[in-house]
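One-letter residues, chain by chain:
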Amino acid sequence: MPLVAERGRLARKRELAGWGFVAPNVVAVAVFLVFPLGFSLYTSFQAWDLFRPMRFVGLDNYRRLLGGDPLFLIALRNTAVFTVLTLVPTVVIGVGIAAALQRKLAGIGVFRTVAFLPLVASTVAMAVVWRFIFTGDGILNGALGWVGVGPVPWLTDPELALVSLSVVTVWKSVPFATVILLAAMQGVPEQLYEAAKIDGAGALRRFSAITVPLIRGPLSFVFVITIINSVQAFDQVYALTGSNGGPETGTYLLGIMLFQNAFGFYELGYASALAWVMFAMLLVLTLIQLRFARRDAVEL
């Protein structure tokens, strides 16, 4: 019995020590994640401008948002277009670069370094640099002038501004997608490629029949992360075209609308409702994507 009691005492000490080690992380999660989420949900049912006491309004913020706010419809449309313009090139270019980085060629190390540089660059600093590139007398229009093309209003035309923003976001997003997809491709057994070669399958056939099915999980992850980043886009928009989502409403995305209502109009309750609507949209899209990924999963 004394031995059993001693073991129980040691087990309790180890349990307390474990709680002591994880306590700082639990407190940090509670303070910086759980509490802000709960407070924002509570605020979404209030009318609050930071200066006067909160006033409970129930679902009025959600009714106003979903009941026909024209700015919300504009932001939703722009965000949907922006997501498509960002998602497709990011995945296609990421897959292509990841496939290229698998090859053993001279100078591949330098190519890998250049390909991954945008991953470590500050989003705001990168957007500022691209803004100088896209200006009327910037590098891009200067290069186009050499081939006889007149200045293009990259940041002053509403439609071109959204395309320009997508180009910048793709440039920033591709390295992350490449890292994930390259790791997945390197996990594909080489024996499968060798067997396919023996059967006479070409490079394109091997890629479509072996590589793509076996990296479907990581590919789905890239899809989800790219969609989330596109819907939440703010910092590159703010640095590239300003806080109003201009020109006109060309780059007026959901992130800009959230920022304007929270820190421009001081409508914290309305902004919180918008944040939770964005969360619900992302949750639904993520669940749909994960459902398709599980259904089509291929195991080795």
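Residues numbered from 1 in each chain as written. Predicted model: local features only at pLDDT ≥ 70, side-chain atom pairs only at ≥ 80, totals over all residues. Heavy atoms only, no water.

## As for the packing of helix H5 (residues 123-134) against helix H7 (residues 158-186)
Two quantities define a packed helix pair, namely the angle between the helix axes and the distance between the axes. Quick reminder of the rule: To define axes, lines are fitted to C-alpha atoms, for helices over the stretch in contact only, and angles between the resulting N-to-C directions are given on a 0 to 180 degree scale. Every helix listed is a DSSP run of H or I at least four residues long, and every strand listed is a run of E at least two residues long, numbered separately from the N terminus. Orientation categories follow fixed angle ranges, with anything under 35 degrees roughly parallel, anything over 145 roughly antiparallel, 65 to 115 roughly perpendicular, and all other angles oblique. The handedness criterion is simple: a crossing whose near helix is rotated anticlockwise from the far helix by less than a right angle is left-handed, and one whose near helix is rotated clockwise is right-handed. We call two residues contacting when some pair of their heavy atoms lies within 4.5 Å. Charged means Asp, Glu, Lys or Arg here, nonpolar means Ala, Val, Leu, Ile, Met, Phe, Trp, Tyr, Cys or Pro, and polar covers whatever is left, Gly included.
Close contact between H5 and H7 brings their axes to 11 Å; oriented N to C, the two are set at 135 degrees. Considered as vectors, H5 and H7 are oriented oblique to each other. The element H5 and its partner H7 pack so that their crossing is right-handed. On H7, the residues that touch Thr-123, Met-126, Trp-130 and Phe-134 of H5 are Ser-164, Val-167, Val-168, Trp-171 and Lys-172. Taken together, the residues that form the contact of H5 with H7 break down as 6 nonpolar, 2 polar and 1 charged.

## Considering the packing of aromatic side chains
Condition: Any Phe, Tyr or Trp ring, taking Trp's six-membered ring, that has another such ring centre within 6.5 Å forms a pair; planes under 30 degrees apart are called stacked, those over 60 apart edge-to-face, and the others tilted. Exposure categories follow from relative accessible area, calculated using a 1.4 Å probe and restricted to protein chains: below 20% of the type maximum is buried, above 50% is exposed, and the middle band is partly exposed. Two conditions define a charge located above a ring, namely a distance within 6 Å from the ring centre to NZ of Lys or CZ of Arg, and an angle within 35 degrees of the ring normal.
Across all of its chains, the model carries 13 aromatic pairs by this definition. Ring geometry for Phe-134 against Trp-154: centres 5.8 Å apart, planes inclined by 45 degrees, an arrangement best described as tilted. One end of the pair, Phe-134, is in helix H5; the other, Trp-154, is in the loop between helix H6 (139-146) and H7, with 20 residues separating them in the sequence. Aromatic pair Tyr-238 and Phe-259: ring centres 5.6 Å apart, planes at 75 degrees, arrangement edge-to-face. You can see Tyr-238 sitting in helix H11 (residues 235-241) and its partner Phe-259 sitting in helix H12 (residues 254-264), a full 21 residues away along the chain. Relative accessible area serves as the criterion here: at 40%, Tyr-238 is assigned to the partly exposed category. Residue class for Phe-259 comes out partly exposed when judged on its relative accessible area of 25%. Taken together, Trp-130, Phe-134, Trp-154 and Trp-171 form an aromatic cluster joined through their ring pairs. The residue whose ring lies beneath Arg-64 is Tyr-270, and the NZ or CZ to ring-centre distance is 3.8 Å.

## Topic: the environment of Met-278
When you line up the elements, Met-278 lands in helix H13 (residues 268-295). Measuring from C-alpha to C-alpha, the distance between Met-278 and Gln-232 comes to 8.2 Å, with 46 residues separating the pair along the chain. In this view, Met-278 contacts Val-231, Gln-232 and Leu-254; residues no more than four positions away in its chain are not counted.

## Remarks on the side chain of Thr-169
Structurally, the position occupied by Thr-169 is in helix H7. Taking the relative accessible area as the measure of exposure, Thr-169 reaches 7% and is therefore buried. Residues in contact with Thr-169, not counting those within four places in the same chain, are Phe-82, Thr-86 and Gln-236.

## A look at the pattern of salt bridges
Pairing between side chains of opposite charge can happen when their charged atoms approach one another. Under the convention used in this document: When a carboxyl oxygen of Asp or Glu is within 4 Å of a side-chain nitrogen of Lys or Arg, the pair counts as a salt bridge.
Inspection of every chain in the model, using the stated rule, returns 3 salt bridges. As a salt-bridge pair, Arg-52 and Asp-49 come within 2.8 Å of each other at their nearest N and O atoms. Between Glu-267 and Arg-64 there is a salt bridge, and its shortest N-O distance comes to 2.6 Å. Residue Glu-267 is located in the loop between H12 and H13, and its partner Arg-64 is located in helix H2 (residues 60-66); the two are separated by 203 residues in the primary sequence.

## A look at the environment of Gly-246
Considering the arrangement of structural elements, one finds Gly-246 in the loop between H11 and H12. Taking C-alpha positions, Gly-246 is 29 Å from Trp-146, a pair spaced 100 residues apart along the chain.

## Side note on unusual backbone geometry
That bond from Gly-246 to Pro-247 is cis: its omega, 0 degrees, falls within 30 degrees of zero. Mapped onto the elements, Pro-247 comes out in the loop between H11 and H12. Residues other than glycine seldom take positive phi values, yet Leu-50 does so here, at roughly 80 degrees. Tracing the backbone through its elements, the reader meets Leu-50 in the loop between strand E1 (46-47) and strand E2 (55-56). Despite not being glycine, Tyr-266 shows a phi value in the positive range, around 55 degrees. Examined against the element boundaries, Tyr-266 turns out to sit in the loop between H12 and H13.

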